[in-house]
Amino acid sequence: TALFWSHRHDSHDPEAKGQPGFCQIGDFVDTEFDYDSAMITGKINNKIYRQGPTAKMKWDIPTVLKEVTKSVPLKPFDVIFTGSPE
């Protein structure tokens with residue numbers, strides 16, 4: 001989360017999560033991923049510190065996409081990091 005943004009707005013605001021250049025990841029895309037029923041798990045040193053289903057996200061994926069694209073132009077294969085539910 002971009003702390004400079006979250007201090008001015010809701011810390012879960014999509015713009016606080018998805019600024020250009022935030023993170024580099026591998027060169028793969030899972031085209032079969034079912035985002036409506038996925039389990040998101042956050043780990044530190046292989047210990048789970050947060051876990052929850054995508055169904056409990058504050059905003060659903062279509063809403064996230066709508067809000068992000070208001071201020072960030074998306075290109076094919078861009079990734080939006082939203083954090084984990086709960």
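Here the structure is a predicted model, which is why all the values come from computation and not from measurement.

Draft legend 1. Spotlight on the overall build of the chain. Scanning the chain from N- to C-terminus turns up three helices and two strands. Helices and strands appear in the chain in the N-to-C order α-α-β-β-α. When each of the 86 residues of the chain is scored for burial, the buried share is 21%. If you take every contact in the chain between residues at least 6 apart in sequence, the share linking residues at least 24 apart comes to 46%. Of the accessible surface of the chain, which amounts to about 6900 Å², a share of 54% is contributed by carbon and sulfur atoms.

Draft legend 2. Representation of the pairing of strand 1 (residues 39–44) within the structure. Where strand 1 and strand 2 (residues 47–53) come together, six bridges link them in antiparallel fashion. Across the sheet, residue T41 finds its bridge partner in strand 2, namely Q51. Hairpin geometry of strand 1 and strand 2 is characterised by an intervening segment of two residues between the two adjacent antiparallel strands and by a positive phi of about 50° at N45.

Draft legend 3. Geometry of unusual backbone geometry. In this model, N46 sits at a positive phi of 65°, which is unusual for a non-glycine residue. Among the secondary structure elements, N46 is positioned in the loop between strand 1 and strand 2. For N46, a relative accessible area of 65% puts it in the exposed group.

Draft legend 4. Quick look at the pattern of salt bridges. On inspection of all chains with the given rule, the structure shows one salt bridge. Residue E67 is joined to K70 by a salt bridge in which the shortest nitrogen-to-oxygen separation is 3.1 Å. You can call E67 partly exposed: its relative accessible area is 28%. A relative accessible area of 59% means that K70 is categorised as exposed.

Draft legend 5. Spatial organisation of a nonpolar patch on the surface. A cluster of nonpolar side chains, namely I25, V79 and F81, defines an oily patch on the protein surface of about 250 Å² accessible area. Of note, F81 is situated in the segment after helix 3 (61–68).

Draft legend 6. Spatial organisation of the confidence of the model for the chain. Averaged over all residues, the pLDDT of the chain is 77; the fraction at 70 or higher stands at 69%. The least confident element of the chain, judged by mean pLDDT, is helix 1 (residues 3–6) at 58; the most confident is helix 3 at 91.

Draft legend 7. The arrangement of the environment of M57 in detail. The topology assignment puts M57 in the loop between strand 2 and helix 3. Classification of M57 as buried rests on a relative accessible area of 17%.

How each quantity is defined
Residues numbered from 1 in each chain as written. Predicted model: local features only at pLDDT ≥ 70, side-chain atom pairs only at ≥ 80, totals over all residues. Heavy atoms only, no water. Helix = DSSP H or I, 4+ residues; strand = E, 2+ residues; numbered from the N terminus. Buried < 20%, exposed > 50% of the residue type's maximum accessible area, 1.4 Å probe, protein only. Contact = heavy atoms within 4.5 Å. Areas by Shrake-Rupley, 256 points an atom, 1.4 Å probe, with all protein chains shown as cover. Pairing = 2+ DSSP bridges. Salt bridge = Lys/Arg side-chain N within 4 Å of Asp/Glu carboxyl O. Patch = residues over 30% accessible without salt bridge, like charges linked within 9 Å, V, L, I, M, F, W, Y side chains within 5 Å. pLDDT = per-residue confidence, 0-100.

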